[in-house]
Structures are given as C-alpha cells and as structure tokens.
Amino acid sequence: MNIPFNRPSYDETEAMAVADVVRSGAIVGDGAWTQRATEELKRQLGAEHVLLTPSCTHALELAIMTLNLRGADEVIVPSFAYPSSAACVLRGGGRLVFADIRADTLSLDPGDFRRRITPKTKVVIPLNYAGITADMNELCAVAHEHAITVIEDAAQGMASFYHGRPAGTIGDIGNLSFHETKNYSTGEGGAFITNDPDIAARAEIIREKGTNRGDFVRGLTDKYVWITPGSSLLPPDTMGALLLSQLAKRKWIQATRKRIYEDYVHTLTPLAERGELTLPTIPPGSESNHHIFHVLMRDAEACDRAIVFFQERGISVTRHYQPLHLSPMGLGMGYQPGALPVTESLYNRLLRLPIYPTLTQAEQEHVIHTMLLFFDPAEARQ
Ligand SMILES: Cc1ncc(COP(=O)(O)O)c(C=O)c1O
C-alpha cells in the first residue's frame, strides 16, 4: 500500500469547471468565475473585502505593500512559520523580528510578542497553525494598544473559527492559501481579506499594477492611469472556477477531515498516556478545520526513526517548518541557536500524518497500525 502525504480532492466537477472557463475564451483575471468565487468566499467568511491572488505568498506581499513600511519599521513574525510569512516583510521594506511560540498550539506566544515590541514595531504577523487560530484576542489587544497592524496569516485556516469568527477575518488584514496541500485547493492560489475600506482601496490599486483599473472597470473613469508602485497580483479566471467547485464541497471536506482527525486522536491516546508522544491541542474557543494532524515525538531521533519506519511501509509522513531564525537567511541576519527556546525544542520532534478527505479507512488503519508497531512491535501484532 502506498499512502501519499497529500491528495487533493478534485473530481469531474473541477475538470468541467476549468473546461467551461477555457471554452468561454476568457481566462483573464477578475473574470466572471473570479467574481463569483470572490462573492462566495465573502459570504462564507462574512468579510467585507476579498481579493483573490495567485498564492497566499502574494496575498502576504500585497498586505505588507498596503502598509507603506520604511526601512527601520519592525515586523514581528513567529520563527515557526513558512518562509513567505517572513519574506513579505523584506519585500515590503521592513525589518524582521522573530518571536517564539506557545508550546501547546505552536502559534505566536503573546508574552514573547509583547516583550519584543519597540517604538519601531509597526506590524505583527501571527499565524494559524494546523487550523488553530493564534490567541487573537490577546494579540490584537496588545497590538492595538501600541498602534501595531495585525496581519493574520491564515494560509492554513480556511473553515476554522476563533470564538465564532472565521480565521482570516480577525486581524486588520488576513490571508488564505489555496495551495494544492490545503483544505480547499486550486493548485496555487490565495486570498487577501480585510474589513477596512482604506486598506481595501489601496490593495485594489496595488494588485492592478498600481493603477485605478478597478474604477475603470466599474465605469467610474474613461481610462486608467498609474497611481502608485504596484504589481500584477490577479490569478487567471480558472482559479475562480476551481475555488467555486472546492468551496461547494465544504461540508464533505470538513466532515471527513474531522472524522479522520478524531480517529487518530482516539487510537493514539494510549501512546500519549504512556508518554511516547504528545497529541495536538485544540484550545477552548477554537474550532479547528483539521488541516493538519501532527504529534510531537519524545525527541528528534525518535522522529527521524519514525519517518524512515513509515517510509519503509509505503507511508509518507513529514516534519514541518524549519525555524526561520535558524535558516541561512535567519543566521545571515545575526540570529543564533538558543534565541527562541520553545521553537527550537519542538520543531524537530513534530511529525505530520496523512489527513485528507480521500484517505480511505483501510489507508488510515495502515497508518495507525504502523504507528502502534513503531512503539510496540509485540502489541501491534496481536
Ligand atoms: C503559514 C503559511 N503562510 C504562507 C504560506 C504560503 O502559501 P502559498 O503556498 O499559497 O503561497 C504557507 C504555505 O503553506 C503557510 O503555511
């Protein structure tokens, strides 16, 4: 049996949706499908302004560009994050400051965030890890006390909630990813979200090459002109078609992921009780979208051995983020090992198991059996 780490949930619906766009002869950005998908996303998120982008990386860059950072402006980002969560800061002309995470949710530690604030801090980028939103009430309260803008990196967060609010809509700006590995996939794709009309107006211009083409399309001007520095951040209309098809599957996607996640928790609890591994935490007030199922092994060596053990049995399991402050870029910025102790103690013990709607029961049983076998060869044989 060969079990991949990820398998996107495409079927004939997506194939027909893309064929429809191609047959229409108009694949250009912000066409009919992009508009419909944007409206559907706004409805599902309850958000005022949504702009689809070619990726979440682009949505993060767009977010930073709307804030007009200057060279000395500091942006606080957890080191346990994807490179795009930090690279956007450098693209936007700011200075990166890495912070540590909470040991249970692996998201930005509000205490460490507060400690790293200086008069130059302008932005913080907390991220939603595995479908669990960071402590946004506390983070936003501290941020707004210091006039700091919150960009909520909810790349993994579509369909998760924080005290009833959809991930991506809680910060001043939010971002989602529709990359192939995410709950809702368009291959590559992302979204920029805000409820702030001024930020939305700036973002619309930057996304359209720095022009007022949006006003031109709405018939408010007879020609469009260059206004600010900008970029081209529109996806082709095929992304809108794919996204609409994926969003229509929300009930099935969420229900199957939840079932698989709960089966893992149920069957691995005895190992957790014996102290062999730590199961993920969903704190009160958080509703997970079950994007990732991960465990923390006792140490890095056990994690390495488990990866090989699973591989030998045809199962693809993976670690996750390498701390950004220990990456070649981070070390080049002067960071040293030991700077962020919680991040450093956890990252190389983290192991992610396959979780996606088309993972069959037999496949999941094989994954679980393999985990039991890894810890207790005699037990698992019975
Ligand atoms: C937290 C976070 N931010 C941003 C991204 C980048 O998303 P994309 O691949 O859509 O650019 C990822 C990718 O997984 C991510 O995990």
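The shown structure was predicted, so the numbers you read here are calculated from the model rather than taken from an experiment.

Asks: Any chance you could break down the sheet that holds strand β11 (residues 286–287) for me, citing the residues and the numbers?
Replies: Pairing between the strands of a sheet comes from backbone hydrogen bonds, and it takes one of two forms, parallel or antiparallel. One open sheet holds the three strands; their spatial order is β7-β6-β11, and the pairing between them is antiparallel. Edge strands, defined here as strands with exactly one partner in the open sheet, are β7 (165–166) and β11. For strand β6 (residues 161–162) and β11, the ladder comprises two bridges, and the chain directions are antiparallel. Residue pairing in the sheet places Y162 in a bridge with S286 of β11.

Asks: Before we move on, can you summarise empty space enclosed by the protein with the specific residues and values?
Replies: What the rule picks out here adds up to two cavities of 30 Å³ or more. The calculated volume of the largest cavity comes to roughly 70 Å³. Residue contributions to the lining of the largest cavity reach at least three from each of two domains, namely domain 1 (12–247) and domain 2 (250–381). A volume near 40 Å³ is recorded for the second largest cavity. Classifying every residue of the lining of the second largest cavity by side-chain character gives two nonpolar, three polar and four charged.

Asks: Outline the site of the ligand, supporting the account with residue identities and numerical values.
Replies: In the vicinity of the ligand there are 16 residues, among which T57, D153, S177, K182 and Y321 approach most closely. One nitrogen or oxygen atom from the side chain of D153 is found 2.8 Å from a nitrogen atom belonging to the ligand. Within the side chain of Y321, an N or O atom sits 2.7 Å from an oxygen atom of the ligand. Calculation on the ligand without its partners gives an accessible area of 390 Å², and the protein chains cover 93% of this total. Elements supplying a minimum of two residues to the shell around the ligand: α3 (56–65) and α4 (83–91). It is α3 that contributes the most residues to the shell around the ligand, three residues altogether. Across the shell around the ligand, the residue classes tally to six nonpolar, eight polar and two charged.

Asks: Any chance you could break down the sheet that holds strand β1 (residues 49–53) for me, citing the residues and the numbers?
Replies: One open sheet accounts for seven strands, arranged β1-β9-β8-β5-β4-β2-β3; its pairing is mixed. Edge strands, defined here as strands with exactly one partner in the open sheet, are β1 and β3 (95–99). Pairs of neighbouring strands in the sheet enclose a mean axial angle of 25°, with direction left out of account. By the bridge criterion, two bridges tie strand β4 (residues 121–124) to strand β5 (residues 149–153) in an arrangement that is parallel. Residue pairing across strands places V124 opposite V150, the latter belonging to β5. In the packing of helix α2 (residues 32–45) onto the sheet, the strands contacted are β1, β8 (173–177) and β9 (190–194), and the crossing angle to β1 comes to about 130°. Of the strands in this sheet, β1, β5, β8 and β9 touch α3, which is tilted by about 165° from β8.

Asks: Can you tell me about α3, naming the residues and giving the values?
Replies: The buried fraction of α3 is high, at seven of 10 residues. Taken residue by residue, α3 has C56, A59, L60, E61, L62, A63 and I64 as its buried positions. On its buried side, α3 packs onto β1, α4, β5, β8, β9 and α7 (197–207).

Asks: Any chance you could break down the packing of α2 against helix α9 (residues 237–247) for me, citing the residues and the numbers?
Replies: Look at α2 against α9: their axes get within 7 Å of each other, and the N-to-C directions meet at 40°. Considering their axes alone, α2 and α9 lie oblique with respect to each other. Between α2 and α9 lies a crossing of left-handed hand. Contact residues: α2 offers A32, W33, T34, R36, A37, E40, L41 and Q44, while α9 offers D237, G240, A241, L243, L244 and L247.

Asks: I'd like to hear about the environment of D299, residue by residue, with values.
Replies: In this fold, D299 is placed in the loop between β12 (293–297) and α11 (300–312). Sequence separation of D299 and I253 is 46 residues, and the distance between their C-alpha atoms is 33 Å. Here the side chain of D299 touches A302 through a polar contact of 2.8 Å, landing on its backbone nitrogen.

Asks: Requested: an account of the domain arrangement of the protein chain, with residues and values cited.
Replies: Domain annotation for the protein chain reports domain 1 (12–247) and domain 2 (250–381). Summarising the inter-unit geometry, the C-alpha centres of domain 1 and domain 2 are found 27 Å apart. With 42 residues of domain 1 at the contact, the number on the domain 2 side is 35 residues. For the pair domain 1 and domain 2, the summed buried area comes to about 3200 Å², and 57% of that belongs to carbon and sulfur atoms. The interface formed by domain 1 and domain 2 contains zero salt bridges. For the pair domain 1 and domain 2, the number of links is 18 residue pairs in polar contact (both at pLDDT 80 or more). Taken together, the elements giving at least two residues each to the side of domain 1 that touches domain 2 come down to α4, β3, β6 and α9. Top contributing element to the side of domain 1 that touches domain 2 by residue count: β3, with four residues. Residue composition of the side of domain 1 that touches domain 2, grouped by class: 24 nonpolar, 12 polar and six charged.

Calculation notes
- Residues numbered from 1 in each chain as written.
- Predicted model: local features only at pLDDT ≥ 70, side-chain atom pairs only at ≥ 80, totals over all residues.
- Heavy atoms only, no water.
- Pairing = 2+ DSSP bridges.
- Helix = DSSP H or I, 4+ residues; strand = E, 2+ residues; numbered from the N terminus.
- 1 Å grid on protein atoms, 1.4 Å probe; cavity = no way out; pocket = protein on both sides within 12 Å on 5 of 7 lines; lining within 4 Å.
- Points joined across faces, edges and corners; volume = space filled by probe spheres on them.
- Domains from an automatic or database assignment.
- Nonpolar A, V, L, I, M, F, W, Y, C, P; charged D, E, K, R; others polar.
- Near = heavy atom within 4 Å.
- Polar contact = N/O pair within 3.5 Å; in protein donor to acceptor, adjacent residues only side chain to side chain.
- Areas by Shrake-Rupley, 256 points an atom, 1.4 Å probe, with all protein chains shown as cover.
- Axes fitted to C-alpha atoms, helices over the stretch in contact; angles between N-to-C directions.
- Contact = heavy atoms within 4.5 Å.
- Buried < 20%, exposed > 50% of the residue type's maximum accessible area, 1.4 Å probe, protein only.
- Parallel < 35°, antiparallel > 145°, perpendicular 65-115°, else oblique.
- Left-handed = near helix turned anticlockwise from the far one by under 90°.
- Buried area = accessible area lost by both parts, 1.4 Å probe.
- Salt bridge = Lys/Arg side-chain N within 4 Å of Asp/Glu carboxyl O.

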